[in-house]
Amino acid sequence: MKTAAVFLTLISFAGSSLAQVLPILTDQLIEPARKQSQKNYITYEVGNYRVNLIDDKNLEEFYIVSKKTGKHIYDYVESEARAMHLKPRFFMAEGNNNLVIICMSLETTYSWGTHIFIVEDDRVAYPGFIPYGADNYNFSGLGLYSQFEQQPDGSFIMFFQEDVKLINYETDDLLTGSEVEFKITRDNITRLQK
């Protein structure tokens, strides 16, 4: 009888770990909270953070402020790409205002790719740049068609609508969303083989 009780306990632990539901971070469709008197300065209120975007002819910059502490926690400058603009999309899990993933598309008349930023606990990580665009007649940023699944190890899987067409700018390959996923850690982005 004791062996059966131990066996049932082990099965219940295995079943509960297999049934673990991982959070999905979805696009929050956040509009600018306010446009400043300067035409090229936009503020977004995103969970526990304020994202300020400066869109200038010769300089693209954004910085993040913690709303809890009021401290400036991150600054990013895209000075190499003149005449380009940074277009943000914000991803959060329901009920968690502390974790935000920012997909910052680098754009002219179309997206050249997407910078990924992870904001959590007033710290910001920059895993890198994904040189892909969504082939929807004008090559939009990836954030329009993606979601993120948080993994038990703290990484994220970025996945896409299955029917969206994506272009890999490094190879000019056209793929569908069902063929592409990325594993994103705090310091790296890896395309997963499907």
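Residues numbered from 1 in each chain as written. Predicted model: local features only at pLDDT ≥ 70, side-chain atom pairs only at ≥ 80, totals over all residues. Heavy atoms only, no water.

**What about a nonpolar patch on the surface?**
On the surface, a nonpolar cluster with roughly 270 Å² of combined accessible area is contributed by W112, Y126 and F129. Since its relative accessible area comes to 38%, W112 is described here as partly exposed. (Patch = residues over 30% accessible without salt bridge, like charges linked within 9 Å, V, L, I, M, F, W, Y side chains within 5 Å. Areas by Shrake-Rupley, 256 points an atom, 1.4 Å probe, with all protein chains shown as cover. Salt bridge = Lys/Arg side-chain N within 4 Å of Asp/Glu carboxyl O. Buried < 20%, exposed > 50% of the residue type's maximum accessible area, 1.4 Å probe, protein only.)

**Comments concerning unusual backbone geometry**
A positive phi angle is found at D121, which is not glycine, with a value near 55°. Here D121 is to be found in the loop between strand 9 (111-120) and strand 10 (123-130). Since its relative accessible area comes to 40%, D121 is described here as partly exposed. Residues other than glycine seldom take positive phi values, yet D172 does so here, at roughly 65°. With respect to the secondary-structure elements, D172 resides in the loop between strand 14 (165-168) and strand 15 (173-176). (Helix = DSSP H or I, 4+ residues; strand = E, 2+ residues; numbered from the N terminus.)

**Thoughts on the pairing of strand 5 (residues 60-66)**
Counting buried positions over the 7 residues of strand 5 gives 7, a clear majority of the element. With burial as the criterion, each face of strand 5 is covered, one bearing E60, F62, I64 and S66 and the other bearing E61, Y63 and V65. Inspection of the sheet shows strand 4 (residues 49-55) paired to strand 5 by 7 bridges, in the antiparallel sense. When the bridges of strand 5 are listed, I54 appears paired with E61. For strand 5 and strand 6 (residues 72-78), the ladder comprises 6 bridges, and the chain directions are antiparallel. Bridge pairing links F62 to Y76 in strand 6. (Pairing = 2+ DSSP bridges.)

The analysis is restricted to geometry; functional conclusions fall outside its scope.
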